[in-house]
Each structure stands twice: as structure tokens, then as C-alpha cells.
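# Close look at the chain arrangement
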Amino acid sequence: MSGEQPGGWRVFVDSTRCIGSGICVGAAPGHFTLVGGLSRPVEEQVDPADEVLDAAESCPMEAIIVSDTEGSRIAPEP
């Protein structure tokens, strides 16, 4: 993804929706961790990475939101 700025994406996990399935940790272990049975991003600002999108798209509760620096939603697709 050339042209993207470092830290070009914001990752948010909605703790009210997360059920702690761990799919995100399996899909993107460097980007997500389980804390107290719920998912948390390792970093809130990340470089664009396909595994982050995969984790957001795979979340059964759509608790993971990936947006760009302008706040536009990237994943999961609405």
C-alpha cells in the first residue's frame, strides 16, 4: 500500500460488543491481545496492514473498527 502514511489507521475495539472470541488475535497477533477476556488493540495507531482488515472483517460481533486518519471507516464494510 504505497503512499500510506505510517500510523495511517486507527484501530478501535468496542468493549460493549466484544465477546472475546479471540479470532482477532489469531488473525493479527501483533495487533490484538485479549485482556480480561476482551480484545484490545496493541496500538491504536497502526500502519496499514491486511491482517488488521482481516481481523475486523472476521470479528463475529463487528466490534473492531478500522478508520483512516480522517475518521472514515475502512473496516468492517458497512
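Our subject is the structure that appears above.
A brief report on the enclosed structure follows. Every value quoted in this text rests on a predicted model; they were computed, and no experiment measured them.

## Some details on helix 2 (residues 50-58)
- All of the buried residues along helix 2 are Val52, Leu53, Ala55 and Ala56. End-on view of helix 2: buried residues confined to an arc of 160 degrees, all on one side of the axis.
- If you follow the buried residues of helix 2, they end up packed against strand 1 (9-13), helix 1 (23-27), strand 2 (32-35), strand 5 (64-68) and strand 6 (73-75).

## Some thoughts on the side chain of Ser67
- Checked against the element boundaries, Ser67 lands in strand 5.
- Taking relative accessible area as the criterion, Ser67 reaches 9% and is therefore assigned buried.
- For Ser67, the contacting residues outside a window of four places in its chain are Gly8, Trp9, Arg10, Ser72, Arg73 and Ile74.

## Here we look at the environment of Ser21
- With respect to the element layout, Ser21 can be found in the loop between strand 1 and helix 1.
- Ser21 sits in the partly exposed class, given a relative accessible area of 42%.
- When the C-alpha positions of Ser21 and Leu38 are compared, they lie 8.1 Å apart, and in sequence the two are 17 residues distant.
- Reaching out from Ser21, the side chain makes a polar contact with the backbone nitrogen of Ile23 at a distance of 3.4 Å.

## Section: a negative patch on the surface
- Taken together, Asp50, Glu51, Asp54, Glu57, Glu62 and Glu77 make up a surface patch of like negative charges.
- Along the chain, Glu62 turns up in the loop between helix 2 and strand 5.
- Exposure remark for Glu62: the relative accessible area of 42% places this residue in the partly exposed category.

## Notes on the nonpolar core
- Phe32, Ile64 and Val66 are the most contacted members of the largest nonpolar core, which totals 18 residues.
- Where this core is concerned, the elements lending two or more residues are strand 1, helix 2 and strand 5.
- Phe32 has contacts with Val11, Val13, Cys24, Val25, Ser39, Arg40, Pro41, Val42, Ala55 and Ile64, leaving out every residue within four places of it along the chain.

Each value, and the rule that gives it
- Residues numbered from 1 in each chain as written.
- Predicted model: local features only at pLDDT ≥ 70, side-chain atom pairs only at ≥ 80, totals over all residues.
- Heavy atoms only, no water.
- Buried < 20%, exposed > 50% of the residue type's maximum accessible area, 1.4 Å probe, protein only.
- Helix = DSSP H or I, 4+ residues; strand = E, 2+ residues; numbered from the N terminus.
- Arc of directions from axis to C-beta.
- Contact = heavy atoms within 4.5 Å.
- Polar contact = N/O pair within 3.5 Å; in protein donor to acceptor, adjacent residues only side chain to side chain.
- Patch = residues over 30% accessible without salt bridge, like charges linked within 9 Å, V, L, I, M, F, W, Y side chains within 5 Å.
- Areas by Shrake-Rupley, 256 points an atom, 1.4 Å probe, with all protein chains shown as cover.
- Salt bridge = Lys/Arg side-chain N within 4 Å of Asp/Glu carboxyl O.
- Lys, Arg positive; Asp, Glu negative; His and termini not counted.
- Charge placed at Lys NZ, Arg CZ, Asp CG, Glu CD.
- Core = buried A, V, L, I, M, F, W, Y, C linked by side-chain atoms within 4.5 Å.

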